[in-house]
Amino acid sequence: MRDFKNVTFEVIDINVNATPDIFINRNSLTFSKRVLEDLNYPAYVQYCVSSDQHFFAVRACKANEAKAVPFSKPRAEQINTISTGNKNIIAIVRALMPENTDAAKRYKVVGKFEPDARTIYYDMETAVEDAFRTVKE
């Protein structure tokens, strides 16, 4: 039998996703709790896009940076996930998705966190339909 006295355990936070996901719905864009964790609950972010390569990104920034938008409350106060119903950002994100996606369905994209850049990148070509909370017509 193995000796567990010298094993170091990490407590699992069951309220935080394993990956920094975004969910694209008909009228909103939702960021998983992991996005908040990875970006360290930023008060402001910049939404970034690479139309040619179909990438969307969220970068933590300061309030005085160009096109900064309010994002999160401090860790102790931010209880829920973050969603935006801004039609401009939703339209941009949807335009980056594969052509065969259906605007009436919910999609999930797993992000890649780059700590040095304080940015999470989303390859929108990897969007997959997410049956959880299917949008009704």
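Data block above holds the structure.
What you see is a predicted model, and the numbers here were worked out from it, not measured in a lab.

K.L.:
What am I meant to see in the sheet that holds strand E3 (residues 44–50) here?
P.N.:
To summarise the sheet geometry, strands pair through backbone hydrogen bonds and adopt either a parallel or an antiparallel arrangement. Taken in spatial order, the five strands line up as E5-E3-E4-E9-E8 in an open sheet, and their pairing is antiparallel. Pairing within the sheet leaves two strands with one partner each, and these edge strands are strand E5 (69–70) and strand E8 (112–114). Pairing geometry for E8 and strand E9 (residues 119–123), over three bridges, is antiparallel. Following the sheet pairing, Glu114 is matched in E9 by Thr119.

K.L.:
Help me understand the environment of Pro70 in this model?
P.N.:
Among the structural elements, Pro70 can be located in strand E5. Residues Pro70 and Val45, 25 residues apart in the sequence, show an inter-C-alpha distance of 6.6 Å. Not counting chain neighbours up to four residues away, the residues in contact with Pro70 comprise Ala43 and Tyr44.

K.L.:
Got a minute to help me understand the nonpolar core in this structure?
P.N.:
Burial of nonpolar side chains together is a common tendency in soluble globular proteins. Ranked by internal contacts, the top residues of the largest apolar core, which has 25 residues, are Ile22, Ile24, Leu29, Phe31, Phe56, Tyr122 and Met124. Elements represented by at least two residues in this core include exactly strand E1 (21–24), strand E2 (29–31), helix H1 (33–39), strand E4 (55–61), helix H2 (87–96), strand E7 (107–110) and E9. It is H2 that contributes the most residues to this core, four residues altogether.

K.L.:
What is the right way to look at the pattern of salt bridges in this model?
P.N.:
Where charged atoms from two side chains of opposite charge come close, those side chains can pair. Applying the stated criterion across every chain yields a total of seven salt bridges. With its nearest N and O atoms 3.7 Å apart, the salt bridge here joins Lys108 to Asp21. Residue Lys108 is located in strand E7, and its partner Asp21 is located in strand E1; the two are separated by 87 residues in the primary sequence. Ionic pairing is found between Arg106 and Asp130, a salt bridge with its closest N-O pair at 2.7 Å. Of this pair, Arg106 sits in the loop between H2 and E7 while Asp130 sits in the segment after strand E10 (128–129), placing them 24 residues apart in sequence. On the basis of relative accessibility, which here comes to 9%, the residue Arg106 falls in the buried class. Asp130 sits in the buried class, given a relative accessible area of 18%.

Each value, and the rule that gives it
- Residues numbered from 1 in each chain as written.
- Predicted model: local features only at pLDDT ≥ 70, side-chain atom pairs only at ≥ 80, totals over all residues.
- Heavy atoms only, no water.
- Pairing = 2+ DSSP bridges.
- Helix = DSSP H or I, 4+ residues; strand = E, 2+ residues; numbered from the N terminus.
- Contact = heavy atoms within 4.5 Å.
- Core = buried A, V, L, I, M, F, W, Y, C linked by side-chain atoms within 4.5 Å.
- Buried < 20%, exposed > 50% of the residue type's maximum accessible area, 1.4 Å probe, protein only.
- Salt bridge = Lys/Arg side-chain N within 4 Å of Asp/Glu carboxyl O.

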